Number of protein chains: 2
Amino acid sequence: MKCRKCGARAVLNMRQHRLALCRDHFLEWIPEQTRRIIERYRMFTPEERILVAVSGGKDSLGLWDVLQRLGYQADGLYINLGIDGGTGYSTASQRMAAAFADARGLKLYVVDVPAALGAPIPIAARLSNHNAHKPCSVCGLTKRHIMNRLARDLGYAVLATGHNLDDEVAVLFGNTLTWATGYLARQSPVLDAEPGFVRKVKPFCRLYERETAAYAVLQGIEYVYDECPHAEGSTSLYYKEVLNQMETERPGIKLSFYLSFLQARQGGFLDGSPHQAPDLRPCPDCGQPTTSGSTCSFCRTWDRVRERMKTPAEGGNALRPAEQAAPDE
Amino acid sequence: MKCRKCGARAVLNMRQHRLALCRDHFLEWIPEQTRRIIERYRMFTPEERILVAVSGGKDSLGLWDVLQRLGYQADGLYINLGIDGGTGYSTASQRMAAAFADARGLKLYVVDVPAALGAPIPIAARLSNHNAHKPCSVCGLTKRHIMNRLARDLGYAVLATGHNLDDEVAVLFGNTLTWATGYLARQSPVLDAEPGFVRKVKPFCRLYERETAAYAVLQGIEYVYDECPHAEGSTSLYYKEVLNQMETERPGIKLSFYLSFLQARQGGFLDGSPHQAPDLRPCPDCGQPTTSGSTCSFCRTWDRVRERMKTPAEGGNALRPAEQAAPDE
């Protein structure tokens, strides 16, 4: 197969676009597509400061790379969750994120969850009542809290995550199978800022995972190949398998599923949702907005964890990032 | 596995309900479930006359059987579409429908499409411009027209079809993957009567296909096993495969997908749909309501077919059913 732009040997064929490209044109195409997505959904402008949540994986590092190349002001935030999983997952991924930032002279903030909050995520999950089997619920809660809080505290206009099309479609698929109307009404490439919440954007939301992976590889970005060890057997991975199988038989079905959803939303289809804007008030402990009416879920969870560990740590209110931290080896 | 009600050997295990039943209790359970669905969605009352669209398959004959047992006033309508497919599909299915009605002394109306409209469906599809490959579009248009028209002309309050849960979920899945908002807004166990349209109901909409099939077999109903020969390779059959695979891994997922959709609709989630009630006017040729502004799609299609066949037939306006017709062997 030949590159549509120059006739050289193509490295990737985007069947959904009927577009095959050589290495060089593919490496141009991804930033160009990303720029279009950013502009189309009015994610941010070159004047705004962006905090990129980096995990050390292909998507977030690829996104950070692309934003730099496009001339946006993007710094990074790495959250060490204290997950080992037999492969030193968090250590390895922090090393990747730090090496990426070092090599390019970029600013990376690091939050070490075990040090800042008193326990690594897997132990926190076991000690809290969230879920005996999977730490994913506590992990998500903790990451969302830290990301929003630091973005605000550090004065960023917007928080960018590396979610790709496959991620978005798996979530959409799950929310559609259960018609989780509240989640459907909120799933969007851009979540506008609300009092206490920074704007959240997903500039890779229209790029297939195989494209973001190819971009990282061809761009020479070193990243952690492993999935989080706790993701195995998750429902979202199962949905990804089903969707991959459908994509093989019906190329483009993921993209059209996602785009038709966005179009239906824009057409007002989801506006009948009776979900009112939740009544948000600042948590008396950490100051982040919460619907709970008192202490937020993050503070309650971690208070419980620390109480059960009987090892008082700094506490949720003392959360501070280390800037440009070297990887802890 | 044992019957939950009597401890005898179970013949079917409804994993989504955690319910295993013996033959006798299963044969009680299906009518009881159907009665509940009819009442829950206010489909019809014992005082209303119902026309059941029967194809000769397990679902429609099973439904007719159940409605009789429940004491409803249900007559049948069989439409011979003139589909052979190498197996004499239409002839065989008409024979099944007629034998079912004869054995029970039920009233069956028969419409013979080739005689009444001038051509069998496969030829009509080829001669019209609808779809060169598949006759399904012309077939659906023709069946919908005939069913509604005869139900009205013969004074029935409601038209019942044998769509089961698997059918409904495959349609819902397809409409969700494309976010076909107009179709989503209209998919319902009950479509209320509108000027020119009778009420349409699907009393088997919450029963799995394996349950309706088991009911027909255990009740001793003889039915056509074959799918329509033109269904092979259709998108809806492909969706059924994907959904069956998901059901195997996540028992109950089809039912919960469908029920959560109905709940979201009831909660007003789909009310934001900008789809206005279409402006319906009677077709000047046949009198059926149409949005076209002039001759309806049914009349235009069949006029074109007859013109190209150069064999003037009775025409759309002369459509008359034969009552209790014997199968043409």
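Here the residue index of a chain counts from 1 through its sequence in written order. Going through the entries in the order they are written, you letter the chains from A and number the ligands from 1. With pLDDT at 70 or above as the cut-off, local features in this predicted model cover only qualifying residues; side-chain atom pairs require 80 or more to be listed or tallied, and sums for whole chains, interfaces and linings still use all residues. Only heavy atoms go into the side-chain values, all of them from the structure, while hydrogens and water stay out.

**Things to note about the overall build of chain A**
- Helix and strand counts for chain A stand at twelve helices and eleven strands.
- Computed over the C-alpha atoms, the radius of gyration of chain A is 20 Å, within 12% of the 20 Å expected from 2.2 N^0.38 for a compact globule of 329 residues.
- Counting only contacts in chain A whose residues sit at least 6 apart along the sequence, the fraction spanning at least 24 positions is 71%.
- Using the Shrake-Rupley algorithm and a 1.4 Å probe, accessible areas are obtained, with residue cover drawn only from the displayed protein chains. Put simply, chain A shows about 15100 Å² of open surface, and 48% of that area lies on carbon and sulfur atoms.
- A residue counts as positive if it is Lys or Arg and as negative if it is Asp or Glu; His and the chain ends are not included. Charged groups are reduced to one reference atom each: NZ for lysine, CZ for arginine, CG for aspartic acid, CD for glutamic acid. A gap of 4 Å separates the mean positions of the 40 positive and 36 negative side-chain charges of chain A. Labels follow the DSSP assignment, with helices taken as runs of H or I lasting at least four residues and strands as runs of E lasting at least two, numbered in each case from the N terminus. The quantity called the radius of gyration is restricted to C-alpha atoms. Its globule counterpart is 2.2 Å times the number of residues to the power 0.38. Contacts were defined at the residue level, with two residues in contact if any of their heavy atoms lie within 4.5 Å.

**So, the packing of aromatic side chains**
- Any two rings among Phe, Tyr and Trp, with Trp reduced to its six-membered ring, count as a pair given centres within 6.5 Å; such a pair is stacked if its planes are under 30 degrees apart, edge-to-face if over 60, and tilted if neither. The final tally for this structure, using the stated rule, is 20 aromatic pairs over all chains.
- Seen from their ring centres, Y238(B) and Y239(B) are 6.1 Å apart, and the 45° between their planes marks the pair as tilted. Comparing Y238(B) with Y239(B), the two get one shared label, buried.
- A network of ring pairs unites the aromatic residues F173(A), Y238(A), Y239(A), F257(A), F173(B), Y238(B), Y239(B) and F257(B) as a single cluster.
- Geometrically, a charge over a ring is one whose NZ (Lys) or CZ (Arg) sits within 6 Å of the ring centre while staying within 35 degrees of the ring normal. The cationic tip of R49(B) hangs over the ring face of Y156(B); the distance from NZ or CZ to the ring centre is 4.1 Å.
- In this structure, R104(B) packs its charged tip against the face of F100(B), placed 3.8 Å from the ring centre. Each residue is assigned to one of three classes by its accessible area relative to the maximum for its type, calculated with a 1.4 Å probe on protein chains only: buried under 20%, partly exposed between the two thresholds, exposed over 50%.

**Observations regarding the sheet that holds strand β8 (residues 199–201) of chain A**
Residue and element names in this part refer to chain A.
- Here, strands pair whenever DSSP counts at least two bridges between them. Reading across the sheet, the seven strands line up as β7-β8-β6-β3-β4-β5-β11 and stay open at both edges, with mixed pairing between neighbours. Each edge of the sheet is formed by a strand with only one pairing partner; in this case those strands are β7 (190–191) and β11 (322–323).
- Each of β3 (49–54), β4 (73–80) and β5 (108–112) is contacted by helix α3 (residues 89–104), which is oriented at about 160° to β4, the strand it contacts most.
- Packing against the sheet, helix α6 (residues 136–153) makes contact with β3, β4, β5, β6 (158–160) and β8, and its axis sits at approximately 145° to β4. For helices, the fitted axis covers only the stretch in contact; all axes are lines through C-alpha atoms, and the angles between them, taken along N-to-C directions, range from 0 to 180 degrees.

**Quick notes on the relation of the copies chain B and chain A**
- Copy-to-copy alignment: least squares on C-alpha atoms, limited to residues at pLDDT 70 or above in both. Overlaying chain B with chain A gives an RMSD of 0.0 Å, the required rotation being 180° about an axis along which the chain moves by 0.0 Å. On the angle and the small slide along the axis, the relation comes out as a two-fold axis.
- Most of the interface of chain B is mirrored in chain A, where 100% of its interface residues again form contacts.

**As for the side chain of S60(A)**
Residue and element names in this part refer to chain A.
- With respect to the helices and strands, S60 occurs in helix α2 (residues 58–69).
- In protein, a polar contact requires one atom able to donate a hydrogen and another able to accept it; more generally it is a pair of N or O atoms within 3.5 Å, and residues adjacent in sequence count only if both atoms are side-chain atoms. Among the polar contacts made by the side chain of S60, one reaches the main-chain amide nitrogen of S55 at a distance of 2.9 Å.
- If near-sequence neighbours (up to four positions away) are discounted, S60 is found in contact with V52, A53, V54, S55 and G162.

**A look at the confidence of the model for chain A**
Residues and elements named next belong to chain A.
- Taken over all residues, the pLDDT of chain A has a mean of 91, while the share at 70 or more is 93%.
- What pLDDT conveys is the predictor's confidence in a given residue, as a value from 0 to 100. Per-residue pLDDT stays below 50 along residues 325–329; that stretch engages in twelve contacts with residues further than four places along the chain or on separate chains.
- Across the interface, the model reports ipTM at 0.86; the global pTM reads 0.89.

**Remarks on the state of the cysteines**
Residue and element names in this part refer to chain A.
- In this description, a disulfide is simply a cysteine sulfur pair whose atoms lie within 2.5 Å. As enumerated under the stated definition, the model contains zero disulfides over all chains in all.
- Free cysteine C283: the closest other cysteine sulfur is in C286, separated by 3.7 Å.
- Residue C283 is classed as buried on the basis of its relative accessible area of 3%.

**Structural notes on the sheet that holds strand β11 (residues 322–323) of chain B**
Residue and element names in this part refer to chain B.
- A sheet is described by the order of its strands in space; here seven strands give the open sequence β7-β8-β6-β3-β4-β5-β11, paired in mixed fashion. If you trace the sheet from one side to the other, it starts and ends with β7 (190–191) and β11, each paired once.
- Bridge count for β7 against strand β8 (residues 199–201) is two bridges, and the pairing is antiparallel. Along β8, the bridge assignment pairs L191 with K200.
- Each of β3 (49–54), β4 (73–80), β5 (108–112), β6 (158–160) and β8 touches helix α6 (residues 136–153); the most contacted strand, β4, lies at about 145° to it.

**A short note on the interface of chain B and chain A**
- In this complex, chain B contributes 30 residues to the contact, which on the side of chain A involves 30 residues.
- Interface area, chain B with chain A, both sides summed: about 2600 Å², of which 70% is carbon and sulfur.
- When residues of chain B are sorted by the area they lose upon contact with chain A, W179(B), Y238(B) and F269(B) head the list and together hold 32% of the total.
- A side-chain nitrogen of Lys or Arg and a carboxyl oxygen of Asp or Glu constitute a salt bridge if their distance falls within 4 Å. Seen at the junction of chain B and chain A, the total is zero salt bridges.
- If you look at where chain B meets chain A, you find three residue pairs in polar contact (both at pLDDT 80 or more).
- At the level of secondary structure, the elements contributing two or more residues to the side of chain B that touches chain A comprise α7 (165–177), α8 (181–186), α10 (235–249) and α11 (253–266) of chain B.
- If you tally residues by element for the side of chain B that touches chain A, the top one is α10(B), at seven residues.
- Residue polarity follows a fixed list, in which Ala, Val, Leu, Ile, Met, Phe, Trp, Tyr, Cys and Pro are nonpolar, Asp, Glu, Lys and Arg are charged, and the others, Gly among them, are polar. Class assignment for the residues of the side of chain B that touches chain A results in 16 nonpolar, eleven polar and three charged. In short, buried area is how much 1.4 Å probe accessible area vanishes from two parts on joining, totalled over both.

**Points about the nonpolar core**
- W64(A), W179(A), W64(B) and W179(B) are the most contacted members of the largest nonpolar core, which totals 134 residues.
- With near-sequence residues (within four places) excluded, W179(A) lies in contact with L184(A), L172(B), T176(B), W179(B), L184(B), F257(B), S260(B), F261(B), A264(B), F269(B) and L270(B). As used in this record, nonpolar core signifies buried Ala, Val, Leu, Ile, Met, Phe, Trp, Tyr and Cys residues forming a set joined through side-chain atoms within 4.5 Å.

**A few points about the pattern of salt bridges**
Residue and element names in this part refer to chain A.
- Enumeration according to the criterion identifies 31 salt bridges over all chains in this entry.
- Across the salt bridge formed by R36 and E32, the nearest N and O atoms sit 3.5 Å from each other. Linking R36 with E32, this pair stays in helix α1 (residues 23–40), spanning four residues, or about one helical turn.
- With a shortest N-O distance of 3.8 Å, E209 and K240 are connected by a salt bridge. Placement of the pair is E209 in helix α9 (residues 209–218) and K240 in helix α10 (residues 235–249), with a sequence separation of 31 residues.
- The structure contains a network of salt bridges with shared partners spanning K58, D59, D167, E209 and K240.

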